[in-house]
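Results of the structural survey
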Amino acid sequence: MTKDKGQRTNDLLVEIGTEEMPPKLLAGLAEDFAARLLSLIKDIHGLWEPGKSAEKDWYFSPRRMAVIYRNLPIKQADRQVERFGPAINVAFDATGKPTRAAEGFARSCAVTVDHLQQKDGKLFFASLQPGRTAAEIIPGAIIEALEKIHIPKRMRWSAGNAEFVRPVRWAVVLFGNEVIDCEILGARAGRVSCGHRYHHPAALVLRSPHDYVKTLHSARVIVNDAAHELQHLISQQAHKLADEIGGVPLNGEPESALAAEIAALVEWPVAIRGAFDPKFLSLPEEIIIATLEGQQRYFPI
């Protein structure tokens, strides 16, 4: 997994690339996926450094949702497994011969009866279970997290059985600088992503989780995140153009629902100020605003 044999942790990048997703659902889907996958990796599989807080960043754009987890161990810690079986008087008959109960418990532990111990009046088995590697755990956790995401209506595509909110076109699963070989919703995981559909149509090769955001930016994709970076950029552009004519963009603040929806519709925002024939201003203001915001996703000035 890594060339540095002394390295104990790596960063994990998971990116799911799709057709354009519903903008009003996108942020919630990305956040839900990040939280569910973290819970599976950390709480269910124990793939986390003891005593460390959860370090994750999640991102999205119209055609992708992604998450990065920092400093994941390259394997689970070995753990002691202890199991109690039937009571001694049930496990052996009057002559000391093992009963079916004892033999069944031994089989469930993959040993013979003579390898079992006695503790607190019962048969007892203890063994050291080696930890599984991150590469063994992560693919199944990703698939399970995607299945558990709340999606009002899933769709199928192609001839496969995969279902998601939109067809999946690519998947990236990088642990450090190495690909974890797996299949995610019909797509073979690799390190190849996609930049902007028109400004950078060529394949985009990702080297490591560390330079994910920077590499996408070079391909004309600015991903939104938990800090709403893209919404702030869109708001700044809208306010600048409105200021030039002494106006204010309605619902132009970065935390507005309109800014959030626009951020889920574009990957490389460039604000343009437009106008239309003044005769249309004779319509009631509420109709104009509702049309501009609801149908065109414009900021009325």
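It should be noted that the structure appears before, not after, this text.
Since we're looking at a predicted model, the values are computed, not measured. (Residues numbered from 1 in each chain as written. Predicted model: local features only at pLDDT ≥ 70, side-chain atom pairs only at ≥ 80, totals over all residues. Heavy atoms only, no water.)

A separate point is the overall build of the protein. In terms of helices and strands, the protein carries 8 helices and 15 strands. Over its C-alpha atoms the protein spans a radius of gyration of 27 Å, topping by over 25% the 19 Å that the globule rule assigns to 301 residues. Across its three principal directions, the C-alpha atoms of the protein cover 105 × 45 × 45 Å. Charged side chains of the protein number 36 positive and 37 negative; the gap between the two group centres comes to 6 Å. (Helix = DSSP H or I, 4+ residues; strand = E, 2+ residues; numbered from the N terminus. Rg over C-alpha atoms; globule rule 2.2 N^0.38 Å. Lys, Arg positive; Asp, Glu negative; His and termini not counted. Charge placed at Lys NZ, Arg CZ, Asp CG, Glu CD.)

A few words now on the sheet that holds strand β5 (residues 117-119). Taken together, the 3 strands give an open sheet; going across it, the order is β4-β6-β5, and neighbouring strands pair in antiparallel fashion. Each of the sheet's edge strands pairs with one partner strand only, and the pair in question is β4 (79-87) and β5. Across the sheet, the mean angle separating the axes of adjacent strands is 40 degrees when strand polarity is ignored. The pairing of β5 with strand β6 (residues 122-129) spans 3 bridges and is antiparallel. Looking at the pairing, glutamine 118 lines up with leucine 123 of β6. In the packing of helix α3 (residues 100-108) onto the sheet, the strands contacted are β4 and β6, and the crossing angle to β4 comes to about 165 degrees. (Pairing = 2+ DSSP bridges. Axes fitted to C-alpha atoms, helices over the stretch in contact; angles between N-to-C directions. Contact = heavy atoms within 4.5 Å.)

Attention now moves to a nonpolar patch on the surface. A cluster of nonpolar side chains, Phe276, Phe280, Leu281, Leu283 and Ile287, forms an exposed patch at the surface whose accessible area comes to about 480 Å². Of note, leucine 283 is situated in the loop between α7 (257-263) and α8 (285-294). (Patch = residues over 30% accessible without salt bridge, like charges linked within 9 Å, V, L, I, M, F, W, Y side chains within 5 Å. Areas by Shrake-Rupley, 256 points an atom, 1.4 Å probe, with all protein chains shown as cover. Salt bridge = Lys/Arg side-chain N within 4 Å of Asp/Glu carboxyl O.)

What follows deals with the packing of aromatic side chains. Taken as a whole, this structure holds 4 aromatic pairs when the rule is applied. A ring pair is formed by tryptophan 58 and phenylalanine 60, whose centres lie 6.2 Å apart and whose planes are at 20 degrees; its orientation type is stacked. The exposure class of tryptophan 58 is buried, given its relative accessible area of 11%. For phenylalanine 60, a relative accessible area of 2% corresponds to the buried category. Ring geometry for tyrosine 59 against tyrosine 212: centres 5.9 Å apart, planes inclined by 55 degrees, an arrangement best described as tilted. With a gap of 153 residues between them, tyrosine 59 in strand β2 (residues 56-61) and tyrosine 212 in helix α5 (residues 212-218) connect regions that are remote in the sequence. (Phe/Tyr/Trp six-rings, centres within 6.5 Å; stacked < 30°, edge-to-face > 60°. Buried < 20%, exposed > 50% of the residue type's maximum accessible area, 1.4 Å probe, protein only.)

This part is about the nonpolar core. Counting residues in hydrophobic clusters, the biggest one holds 45 residues, and the most contacted among them are Phe33, Leu37, Met65, Leu146 and Phe164. Taken together, the elements giving at least two residues each to this core come down to β1 (9-18), α1 (23-44), β2, β3 (64-73), α4 (134-148), β9 (168-175) and β12 (187-190). Here this core takes 9 residues from α1, the largest share from any one element. Contact partners of leucine 146, with chain neighbours within four places excluded, come to Ile16, Phe33, Met65, Arg154, Phe164, Ile184 and Leu185. Ala66, Trp170, Leu206 and Tyr212 belong to the second-largest nonpolar core, a separate cluster that totals 14 residues. (Core = buried A, V, L, I, M, F, W, Y, C linked by side-chain atoms within 4.5 Å.)

Packing of α1 against α4 brings their axes to within 9 Å, and their N-to-C directions diverge by 135 degrees. Taken as axis vectors, α1 and α4 run oblique relative to one another. Classified by chirality, the crossing of α4 by α1 is right-handed. Here Phe33, Arg36, Leu37, Leu40 and Ile41 of α1 lie close against α4, whose contacting residues are Ala141, Ile142, Glu144, Ala145, Leu146 and Lys148. (Parallel < 35°, antiparallel > 145°, perpendicular 65-115°, else oblique. Left-handed = near helix turned anticlockwise from the far one by under 90°.)

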